[in-house]
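Coordinate inspection notes
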Amino acid sequence: MLKILTKRADFLAANKGLRNAKVGFVLLTRPNKGEGVRYGITVTKKIGNAVVRNRMKRRFRELLREHLPQGGLLDHDHVLIGRSGGVERDFAHLAEDLVDVLERAKLGKGDSTRRRRPRKGSIKRAPVKGPK
């Protein structure tokens, strides 16, 4: 039986787990201490308006209902984060990508951790000294 993640803390905890990215989505997986197979979906406003975001969430929900019972990791949280390529991507390709990503997660393989660029304004720079 699939359970749905509803608490923000669960989503934040999943972000510290294994990360696998594809064209249409990013899958985060993390052990959940015997809670069963749980899933959550996140689609930000960067993707599009409410109609586009809801369409993407419906597609993701159907993908997860179809593939998580037999392909999901036991006692893990699964979080799908929508990417801009997921709206136009064919449903069959999304399904193939999800199966591929779930297999990688079962093997414990994730994408390489790449350092993100710091946000503008957070870089500490030495003060500029002018001519005297």
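These remarks concern the structure in this document. These numbers were taken from a predicted model, which means no experiment stands behind them.

Moving residue by residue along a regular strand, the side chains alternate between the two faces of the sheet. Of all seven residues making up strand β3 (residues 25-31), five are buried, and the element is well covered by its neighbours. Here strand β2 (residues 18-21) pairs with β3 via four bridges, running antiparallel. Of the residues in β3, the one forming a bridge with N20 is L27. Following β2, the chain reverses through three residues before pairing antiparallel with β3.

For helix α2 (residues 50-71), built from 22 residues, the straight-helix expectation of 32 Å at 1.5 Å per residue is met to within 8% by its first-to-last C-alpha distance of 30 Å. Along its length, α2 reaches its greatest deviation from straightness, about 30 degrees, at R65, and the proline P69 lies no more than four positions downstream. Those residues of α2 not exposed but buried are R53, M56, R59, F60, L63, L64, H67, L68 and G71. Looking at the buried positions of α2, the neighbouring elements they touch are β3, β4 (38-42), β5 (76-82) and α3 (91-106).

Another point: the pattern of salt bridges. Under the counting rule described, the total for this entry stands at six salt bridges. For D77, the salt bridge is made with R38, and the minimal N-O distance between the two is 2.7 Å. Taken together, the positions of D77 in strand β5 and R38 in strand β4 put the pair 39 residues apart, joining distant regions of the chain. When sorted by exposure, D77 lands in the same class as R38, which is buried. Salt bridges linked by common partners bring D10, E35, R38 and D77 together as one network.

What follows concerns the packing of aromatic side chains. Under the definition given, this model contains one aromatic pair. Where F25 meets F60, the ring centres are 6.1 Å apart and the plane angle is 80 degrees; that geometry is what we call edge-to-face. Of this pair, F25 sits in strand β3 while F60 is found in helix α2, placing the two residues 35 residues apart along the sequence. The exposure class of F25 is buried, given its relative accessible area of 0%. For F60, a relative accessible area of 0% gives the class buried.

Cut-off values and rules
- Residues numbered from 1 in each chain as written.
- Predicted model: local features only at pLDDT ≥ 70, side-chain atom pairs only at ≥ 80, totals over all residues.
- Heavy atoms only, no water.
- Buried < 20%, exposed > 50% of the residue type's maximum accessible area, 1.4 Å probe, protein only.
- Helix = DSSP H or I, 4+ residues; strand = E, 2+ residues; numbered from the N terminus.
- Pairing = 2+ DSSP bridges.
- Expected span 1.5 Å × (residues − 1).
- Bend = angle between axes of the 7 residues up to and from the residue.
- Contact = heavy atoms within 4.5 Å.
- Salt bridge = Lys/Arg side-chain N within 4 Å of Asp/Glu carboxyl O.
- Phe/Tyr/Trp six-rings, centres within 6.5 Å; stacked < 30°, edge-to-face > 60°.

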